[in-house]
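So the chains spell out like this:
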Amino acid sequence: MRENHKTSAPAIDNAVAIVELVAMSPLPLTLTDICQQTGISPSTAHRVINSLLHHEMLSTDPRKKRSYSVGSRVFEVASTVLSKQSLIPFFYPLAEILKNEVHQTIFLSVPIGKQMVVISKVEPAVSNTYEIYTGQTVNMHLSAAGKVLLAMHTEDFQANYFALEAVAEQLNTAAREEVFADLQRSARLGYAVSHGDFEGGVSTMAAPVMNLNNEPVASVGIAIKSAHFDSGEARQYSKNLVQAARQLSSRIV
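All residue numbers refer to positions counted from 1 along the written sequence of the respective chain. Under the rules for a predicted model, residues below a pLDDT of 70 receive no local features and side-chain atom pairs below 80 are neither given nor counted, while totals for whole chains, interfaces and linings still include all residues. Note that water and hydrogens are dropped before the side-chain values are worked out from all heavy atoms of the structure.

Caption draft 1: Here's a closer look at the sheet that holds strand β1 (residues 29-30). Here, any two strands with at least 2 DSSP bridges between them count as paired. To qualify as a helix, a DSSP run of H or I must reach at least 4 residues; to qualify as a strand, a run of E must reach at least 2; elements of each kind are numbered from the N terminus. Taking strand neighbours across the sheet as the criterion, the 3 strands line up as β1-β3-β2 in an open arrangement whose pairing is antiparallel. Every interior strand has two partners, whereas the edge strands, β1 and β2 (58-61), have only one. Pairing of β1 with strand β3 (residues 67-70), which is carried by 2 bridges, proceeds in the antiparallel orientation. Note that in β3 the partner of Leu29 across the bridge is Tyr68. The strands touched by helix α1 (residues 10-24) within the sheet are β1, β2 and β3, with β3 carrying the most contacts at an inclination of about 85°. Here, two residues are considered to be in contact whenever any of their heavy atoms come within 4.5 Å of each other. Lines fitted to C-alpha atoms define the axes, with helix axes restricted to the stretch in contact, and inter-axis angles between N-to-C directions lie between 0 and 180 degrees.

Caption draft 2: Main features of the packing of helix α5 (residues 88-102) against helix α10 (residues 231-249). Two elements in contact, α5 and α10, have axes separated by 10 Å at closest approach and are oriented at 170°. What the angle tells us is that α5 and α10 run roughly antiparallel. Within the contact between the two elements, α5 uses Phe90, Phe91, Leu94, Leu98, Glu101 and Val102 and α10 uses Tyr237, Asn240, Leu241, Ala244, Gln247 and Leu248. Residues belonging to the contact of α5 with α10 are distributed by class as follows: 9 nonpolar, 2 polar and 1 charged. An angle below 35 degrees is treated as roughly parallel, one above 145 as roughly antiparallel, one from 65 to 115 as roughly perpendicular, and anything else as oblique. Ten residue types, Ala, Val, Leu, Ile, Met, Phe, Trp, Tyr, Cys and Pro, are classed as nonpolar, four, Asp, Glu, Lys and Arg, as charged, and the remainder, Gly among them, as polar.

Caption draft 3: Highlighting the pairing of β3. Bridge count for β2 against β3 is 4 bridges, and the pairing is antiparallel. The residue of β3 that forms the bridge with Ser59 is Ser69. Connecting β2 to the antiparallel partner β3 that follows it, the hairpin turn spans 5 residues, and Arg66 within it adopts a positive phi of roughly 50°.

Caption draft 4: Here's a closer look at helix α2 (residues 31-38). A 1.4 Å probe rolled over the protein chains alone gives each residue an accessible area, and that area as a share of the maximum for its type sets the label: buried under 20%, exposed over 50%, partly exposed in between. Among the residues of α2, Asp33, Ile34 and Cys35 are the ones counted as buried. Those residues of α2 hidden inside the fold are in contact with α1, β1, α3 (42-54) and β3. Positive phi appears at Gly39, one or two residues downstream of α2, with a value of about 80°.

Caption draft 5: Representation of the packing of aromatic side chains within the structure. Centres within 6.5 Å make a pair out of two Phe, Tyr or Trp rings, where for Trp the six-membered ring is used; the pair is then stacked when the planes are under 30 degrees apart, edge-to-face when over 60, and tilted otherwise. For the structure on display, the rule yields 3 aromatic pairs. Here the aromatic cluster, defined as three or more aromatic residues joined through ring pairs, consists of Tyr161, Phe162 and Phe180.

Caption draft 6: Geometry of the environment of Ala166. As for its position among the elements, Ala166 is in helix α8 (residues 165-168). By relative accessible area, which is 29% here, Ala166 ends up partly exposed. C-alpha of Ala166 to C-alpha of Val70: the two residues are 96 residues apart in sequence and 29 Å apart in space.

Caption draft 7: Seen up close, unusual backbone geometry. If you check the backbone angles, Glu56 has positive phi at about 60° while not being a glycine. Classification of Glu56 by relative accessible area gives partly exposed; the value is 42%.

Caption draft 8: Spatial organisation of the sheet that holds strand β9 (residues 216-225). Strand order in the open sheet formed by 6 strands is β6-β5-β4-β9-β8-β7, with antiparallel pairing between adjacent strands. Each having just a single partner strand, β6 (137-139) and β7 (192-198) make up the two edges of the open sheet. Taken pair by pair, the neighbouring strands of this sheet meet at an average axis angle of 35°, ignoring direction. As paired strands, strand β5 (residues 115-122) and β6 are joined by 3 bridges and run antiparallel to one another. Looking at β6, one finds that Met116 is bridged to Val138. Contacts between helix α6 (residues 144-152) and the sheet are confined to β4 (105-112), β5, β7, β8 (202-210) and β9, with β8 contributing the most and set at about 35° to the helix.

Caption draft 9: How the structure looks around the pairing of β7. Pairing analysis gives 5 bridges linking β7 to β8, with the strands arranged antiparallel. Along β8, the bridge assignment pairs His195 with Ser203.

Caption draft 10: Geometry of the pattern of salt bridges. Basic side-chain nitrogens of Lys or Arg form a salt bridge, by our definition, when they fall within 4 Å of a carboxyl oxygen of Asp or Glu. The final tally for this structure, using the stated rule, is 6 salt bridges. The salt bridge partner of Lys99 is Glu96, with a shortest N-O separation of 2.9 Å. One end of the pair is Lys99 and the other is Glu96, both in helix α5 and 3 residues apart, which spans about a single turn. Given the relative accessible area of 34%, Glu96 is considered partly exposed. Between Asp182 and Lys147 there is a salt bridge whose closest N-O contact spans 2.9 Å. You can see Asp182 sitting in helix α9 (residues 173-189) and its partner Lys147 sitting in helix α6, a full 35 residues away along the chain. Given the relative accessible area of 13%, Asp182 is considered buried.

Structural data, given as structure tokens:
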């Protein structure tokens, strides 16, 4: 579960924390479980849970007495969002080919606000799977998927992105210069490389998917164990990666 920062709306903070916790749990959780893991008081948690039950964001679970699991509304919302991602059906066959060429995890990301969100992935043998899951998010400037999209955007878009308060406060002058150097390199090569996008010592490479107006709308990525990352091998991967991204771009109408 990602780190939560408190806002001026504690009721919403608590609701989000509870839904995220329950969604990530393999087993239903009781009120006591939820309070222990979130730090929310029992009385507050009880009120929030009742509201979430009313809105079907949580559901009581018969597997364990007085326990809760994710509600049907969560699946309805997620399905609605995913149904709007028209690239996914075209991504799968191309990702299968790319996976067989590089023998690594292949994933598709799209920009949502200032972040990149993984919306689909294809994995090779179990031994090469990583902690990358559908719905996972990372700020654009912190990931290969996001950097390559930023690199292909206009200077105005880049200026607006780096002016965002949540982004500006993460970057000192040196870090900002390093990111801009990465963007220039990505624009020149046609792909980006990043280390530490995801947990578990994972490096990633990504190439942009462009629409008919030559605007970046998504990115195709390859996940590689950082300990096994080889620059020469990565350059070889890049040819297959860029080709796959271009083929996916050609499917956009």
